[in-house]
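Residue-level structural notes
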Amino acid sequence: MNYLIDTQILIWYQLNSSKLGPGVLALINNRKNIVQISQISLFEIAIKQKLGKLPELDITVDALTGLIRQDDFNLLDLKTKHINAYANIPLLPNHRDPFDRLLLATAFSENMPIISADENFALYPPQIQLIANR
């Protein structure tokens, strides 16, 4: 099965963090599953690194891309259909993060579940399948 993982899950996976739930870790490590990483996550990480918000992830985006490939994850290019699907994602007053919303739009347009630790993702319609970090 195809799964899109959000930026935080990617960061925790790369840092081998104990914050990553055992069920999610099992899904990610199951070689029968295809783990997708959106380019938008790389963009979000680059911005957070530039702002000093990710001191624990002290590698370049190029190096991170190498690790993604080494882990047998797929890098999912940002596509026009993902941006178009953004219009289908409700704009909620308590969740306006553009990166999260574009990841949700990507999952929606690709018809694949998204794995996230963000509780706000559960606020969205059931057409966006969420797998919580457990």
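Refer to the structure above for everything that follows.
Given the structure is predicted, the values throughout are model-derived calculations rather than measurements.

**Here's the deal with the pairing of strand 1 (residues 2–5)**
As defined by bridge partners, strand 1 adjoins strand 2 (residues 34–38) across three bridges and the pair is classed as parallel. Bridging across to strand 2, Y3 finds its partner in V35. As paired elements, strand 1 and strand 4 (residues 114–116) share two bridges and run parallel to each other. Paired with I5 across the strands is I115, a residue of strand 4.

**Some points on the pattern of salt bridges**
Any two side chains of opposite charge can pair, given that their charged atoms come close. Under the defined criterion, the tally for this structure stands at four salt bridges. Across the pair E44 and K48 runs a salt bridge, and its minimum N-O distance is 3.5 Å. Placement of the pair is E44 and K48 together in helix 3 (residues 39–50), with a separation of four residues, close to one helical turn. Since its relative accessible area comes to 26%, K48 is described here as partly exposed. Residue E110 is joined to K81 by a salt bridge in which the shortest nitrogen-to-oxygen separation is 3.4 Å. Taken together, the residues span a long stretch of sequence, with E110 in helix 6 (residues 98–110) and K81 in helix 5 (residues 80–85) at a distance of 29 residues. You can call K81 partly exposed: its relative accessible area is 39%. Where salt bridges share partners, they join K79, K81 and E110 into one cluster.

**A look at the sheet that holds strand 3 (residues 74–76)**
Taken in spatial order, the five strands make up an open sheet running 3-2-1-4-5, and their pairing is parallel. Either end of the sheet is taken by a strand with one partner, and the two such strands are strand 3 and strand 5 (130–132). On average, each strand axis in the sheet is tilted by 35° relative to the strand beside it, whichever way the strands run. In the packing of helix 1 (residues 7–14) onto the sheet, contacts are made with strand 1, strand 2 and strand 4, and the angle to strand 1 comes to roughly 90°.

What counts as what
Residues numbered from 1 in each chain as written. Predicted model: local features only at pLDDT ≥ 70, side-chain atom pairs only at ≥ 80, totals over all residues. Heavy atoms only, no water. Pairing = 2+ DSSP bridges. Helix = DSSP H or I, 4+ residues; strand = E, 2+ residues; numbered from the N terminus. Salt bridge = Lys/Arg side-chain N within 4 Å of Asp/Glu carboxyl O. Buried < 20%, exposed > 50% of the residue type's maximum accessible area, 1.4 Å probe, protein only. Axes fitted to C-alpha atoms, helices over the stretch in contact; angles between N-to-C directions. Contact = heavy atoms within 4.5 Å.

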